[in-house]
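Results of the structural survey
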Amino acid sequence: MLALLRLARSICLGRPSRLILLSAAVCMSVVLISSVACVMGSLNASFTQQIDTQVGLAEVRVVAIKGSTMPASVAESVSKWEGVHSVLPRLQQTQSLMVTLPTAMPVDESNPDGEHSVVDHRYLTSVFVNGINPESEFEARPVVLLEGRYPKNDSEILIDARVVQRMSWAYSNDTTKLAATKVFADPLGYMQFPEPFAGQRAESLSESISLNRGIGIRVGDRVEFARLFRDNVVLTVVGIAQAPPMGGRPMGYTTINTLDRMSRRKNQISDLEVKLQEGVDPDEFVLAHIDAYPGRAIVQTTGRITAGVEQNLAAAQMGFMLISLITLISAAFIITTGLTTGVAEQQKMLGVLRCIGAHRRQLGIAQLLVGFTVSGLGAIAGLPLGIGLAWILVKVFDQQLPAGLVIPPVSLTLTLIGAFGAGLIGALWPAWRAATLSPIEAMTQQAQPSKPAQIRAITIIGFLGIALMAAIVISGLTGQTFFWTYLSLGLPAMFLGYFLASAAVVVLIARTIGPLISRLFGLPESLLVRTVRATPYRHGFTAGALMTGLALLIAIWTNGSAAMRDWINQIQFPDAFAYGLPMSDEAIGILNDLDVVERTCAINMLAVETDAFGVKALQSYKTNYFGFEPEAFFDMVHVEFIEGDPDTALAKLKEGGSVIVAREFLIAKGLGVGDVFTCKDSTGQEHSFDIVGVVTTPGLELVSQYFDLGESMVQQAISSVFGSRADMIEHFGVSEPMLIQIDLDDSVPTKEAIDQIERALIGSGVLNVGSGARIRTQIEAVFASSFVVVSTVALGAMLVACFGVANLIVAEVSARKYELGVLRAVGASRGQIVRLICGQALIIAITACVLGTLLGLQAAWGGQQVNRVLVGMDLNFRPPPMLPIVISWAAAIFLTLLAAAPSAIRLNRSSVRQLMSSSGS
Amino acid sequence: MIRCVNVKKSYPAGESSVQALRGVNLEITDPGFYAVMGRSGSGKSTLLHILAAMDPPDSGEVMVSGERVDQLTERQATKFRRTSIGVIFQAFNLIPTMSALENTLLPGLLAGDSTGALQTRALELLDRLGLSDRTSHRPQALSGGEQQRIAIARALLYKPPVVFADEPTGNLDSASSSLVWEVLRDLAHEQEVTVLMVTHEPEAASYCKRVFVMADGAVKGILESDNQAEGGFDAGTLATRTQHLLGQA
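Remember, predicted model here, so these are calculated numbers, not experimental data.

**Comments concerning the overall build of chain A**
When its secondary structure is counted, chain A shows 32 helices and 23 strands. Residue burial in chain A is summarised as follows: out of 921 residues, 56% are buried. Counting contacts in chain A only where the partners sit at least 6 residues apart, residues at least 24 apart contribute 82% of the total. Summed over its atoms, the accessible surface of chain A is roughly 37,300 Å², and 60% of this surface lies on carbon and sulfur atoms.

Laid out in structure tokens, this is it:
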């Protein structure tokens, strides 16, 4: 064993640069994977925290049917049920919140750049208010405080950071109006600046901006709930709480009494937390009381609520595992290429060892030990760096990741195991090569050229892998069978196939483009081309490692632009929406009376469980059930009937017991006219409806996500079905609408119309108002942000592969040092030698670009089929815009040449004597 | 043809330096086959590298084919090595991915010169060296002697007046070595080229008409061939005379 360790050590130290470069490749992979694991852990913990805030720590809930309330006396009755330890009631309402703060305003409104003076100005937003019992609420449903304390009495309120952000001057005056900038801005950023005070003056707009940037709610300020036709209710802000992650409803907390005072219907509650006595089984308890309040309230375990969300959060791990697998396979190939080069370099030493008695097994195991060492060094360095990177990201995005840094031990352990695995797997082929060298063969001066038959065989295997993936996609397999076959067989086969085919492709590229590059670089044509062709595996596999990041870029951009083109851009949103929880009759009446509003349609919404989408045992997606007056809705909404006809469908909807489904149901599940749509409500009760039409999506689910992103991330509802309001009330007990669809007067500019609507709806319980155009802009902004994030990850993967390229070039230069010296001696200039190395790097880069583009397009094509089968999204496959392809090719070429630069610079500085002072092997 | 005046060269070795050449003086005025002989470490390869503009001297004057080699810029040195001289090395002379003809044409390919005349010249040289049926073979398909003959052909491509050979037969068997020495001698006479060979073997030097004996970084003595017309020594006599010279030094 000692001999093996010594041998492994001498192999490692024989070329320290190789050890460093290969370890660096593993290190970068581990950094990427571990940082993603930690950030995902933090995100999951943040969502879990949000769920805990909503659901609480009790085992059972009694919830009024969505959108409505129940008498407060329910709390007393429930508290008397056997097995109940305690109850905690809560009332929830949407209210308009107002605060008056000194603000520098233009003295002359027609001259906004002129003099400003500080006067009182009103700031307004809608808030989802929780009326709670302050003595026990925050123990059961903890909220993280950023400033101040919890409310204690009826005149106090706690608001969250989303509320204060919306009521700050900076937020109101953000000229970009893009969701991304608002979401990621520090909501309490204004607190670092002083507030203006009455009487202050500013000479110009810029001076006024300096004054106003400190405007926002602070602990101790007095705020008002604006009420229609009634006196406002004034409260003191005693604390500011952390906002929910990823957006979500702006929240406030005050006492139930205060909220009750503002309600028309007195003594109501929205839900009740029930803490059970020790030893009481929650499921049995719920079963015993499930029919206690039929049609008015639901009794359910809190576990049922969290289970689905946790399952969906866990499903996201699937994507993470896939990316990790691909990254580690890439690292394994870099190690294979690097160590195989090493075996070739050390051929004579290995031959001598065999001649003096070393076993084949010993030489093989030594290579495995080297692989283990490389991956070990990389993992040990990469893990703390990855955690450090995640810490930085969590600090930067602390608003979106309020749970702070989470270090998931299981994920990180798997990362380490994966890294060591990559090292060992990567060392298998060089171990076999080292073990099977014959002593005589090893002692020969010159390396053996690659056998064409071997390259052909490997290429054929590669193409078979690529073809296998294509066969799975076009096989007609559906649902779960398709998903698992694609994931476990198709995707890895395609990936490995491209790797194996890379050797042949690099030879092809060298043959076709090599002469042109030679001419451009002033090199003898045969020199560059034959150098690459002489070692096709080294060059090819290095290109193979580089192609992964590029393929990821291409795939994301292909499907992302397809989603924009074939899905988002096909949706014709109505002019505007108003959103509330729920929307009151008053609000609807006010809207209808406005001149700028031509017509409205009230929509009830509910997320219902369905098995139409997702992967069993992995994910469960709900769907959105929208209920409305059928004629009013379809008058306003632009949808196309793919199955069924509008007149028959509408008639059936009015009769009841029928639904129209979105096209995704037809694509994913084959559900169409004549089939039955079955779903479950939150109590688990099943409901069935006849499908009377299939339509293109009007995008209502996108609208609801836009208004309530945090809740949507928890509910995970996709696509939609459309039924009558009557059915919604009868089957689900949801009588009050949450969404109003609005057609605006075309003669009025949209922004002006929205502003009028917002002003008119103050105090009427509306949470938000938005235009269809703005919703589309926000969605496009989110897409763009996603592209940037994924592109960054892809570039990171390409950077990892660059270590492999650098290693190859270093090894090549070292192996051919004497040969390069001979070239210099017979008349090659320094520049020609450098250009020869760069020419090799360029051929590798171009090969990676070609392979990466093909792999990316094929992966995108496969991904579209997965989307079609799992979520019913039907996209047309078309190549992405040229810009991302050009950018990714340029990045690959630049990074590869950068990787070759150190060797090229060293060569350029070396004299002929220095090059020829060592032997060529 | 070749002249060195008080040429010195040293190399760093850790904290001190090694004096490889301590003032070499050497002159060759006529074409022919010459040798620089000495033990390992005598400075003979260093001298050859300086003469072939592969390494600049620390001081002294170096003239080859009318060029002040010690004053050449990098670009001038590259062109000098390509067209004004030929160089043959002990081993790994040839580019393994190129054929015999391409290796012969290599200086022309590097210069971007692919004229038919050059190709004809290359084929003629290969034919003269008995390799006309091996032009398309790669180095790994050729014997050591054949590889060195290709290296000789490459060195003569641009008809340089001077050819340097650094231990050209170091890796060859005796029969192949003799063949290579004969080729070099004959070419020196036929093509009126000055061939300067560095060697530690008296048998190799015996083919030459003059031998410069080096030791400790300087030329210790010059041995002239008894038979100037044929340009040869008796190998045994040469060895004795060399030992005597070095013993005296």
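**A short note on the environment of Gln277(A)**
All names here are of chain A. Following the sequence through the fold, Gln-277 ends up in the loop between strand E12 (271-276) and helix H10 (282-289). The exposure class assigned to Gln-277 is partly exposed, which follows from its relative accessible area of 40%. Sequence separation between Gln-277 and Ala-64 is 213 residues; the distance between their C-alpha atoms is 23 Å. Contact partners of Gln-277, with chain neighbours within four places excluded, come to Gly-83, Val-84 and His-85.

**Topic: helix H14 (residues 409-436) of chain A**
Spanning 28 residues, H14(A) covers 40 Å between terminal C-alpha atoms, matching the ideal 40 Å at 1.5 Å per step. Helix geometry: H14(A) is bent most strongly at Leu428(A), by close to 35°, with proline Pro430(A) lying one to four residues after it.

**A short note on the sheet that holds strand E1 (residues 2-13) of chain B**
Residue and element names in this part refer to chain B. A sheet is described by the order of its strands in space; here 4 strands give the open sequence E2-E1-E4-E5, paired in antiparallel fashion. What marks the edges here is a single partner per strand, and that holds for strand E2 (16-28) and strand E5 (67-68). In this structure, E1 lies alongside E2, joined through 10 bridges in antiparallel fashion. Bridge pairing in E2 places Ile-2 opposite Ile-28.

**Observations regarding helix H18 (residues 525-534) of chain A**
Burial analysis of H18(A) places 7 of its 10 residues in the buried class, which makes it a mostly covered element. Those residues of H18(A) not exposed but buried are Ser526(A), Leu527(A), Leu528(A), Val529(A), Arg530(A), Thr531(A) and Val532(A). Taken together, the buried residues of H18(A) touch helix H17 (479-521), helix H19 (536-566), helix H28 (772-815), helix H29 (817-825) and helix H30 (830-871) of chain A together with helix H3 (100-104) of chain B.

**Some thoughts on the interface of chain B and chain A**
On the side of chain A, 25 residues touch chain B, which itself brings 27 residues to the contact. Here chain B meets chain A over a buried area of about 2,400 Å², counting both sides, of which 60% is carbon and sulfur. The interface formed by chain B and chain A includes 4 salt bridges. Where Arg913(A) meets Asp55(B), a salt bridge forms, and the shortest distance between an N and an O atom there is 3.1 Å. Counting across the interface, chain B meets chain A through 8 residue pairs in polar contact (both at pLDDT 80 or more). For the side of chain B that touches chain A, the elements supplying multiple residues, two or more each, are helix H2 (74-84) and helix H4 (106-110) of chain B. Residues belonging to the side of chain B that touches chain A are distributed by class as follows: 14 nonpolar, 6 polar and 7 charged.

Conventions and cut-offs
Residues numbered from 1 in each chain as written. Chains lettered and ligands numbered in written order. Predicted model: local features only at pLDDT ≥ 70, side-chain atom pairs only at ≥ 80, totals over all residues. Heavy atoms only, no water. Helix = DSSP H or I, 4+ residues; strand = E, 2+ residues; numbered from the N terminus. Buried < 20%, exposed > 50% of the residue type's maximum accessible area, 1.4 Å probe, protein only. Contact = heavy atoms within 4.5 Å. Areas by Shrake-Rupley, 256 points an atom, 1.4 Å probe, with all protein chains shown as cover. Expected span 1.5 Å × (residues − 1). Bend = angle between axes of the 7 residues up to and from the residue. Pairing = 2+ DSSP bridges. Buried area = accessible area lost by both parts, 1.4 Å probe. Salt bridge = Lys/Arg side-chain N within 4 Å of Asp/Glu carboxyl O. Polar contact = N/O pair within 3.5 Å; in protein donor to acceptor, adjacent residues only side chain to side chain. Nonpolar A, V, L, I, M, F, W, Y, C, P; charged D, E, K, R; others polar.

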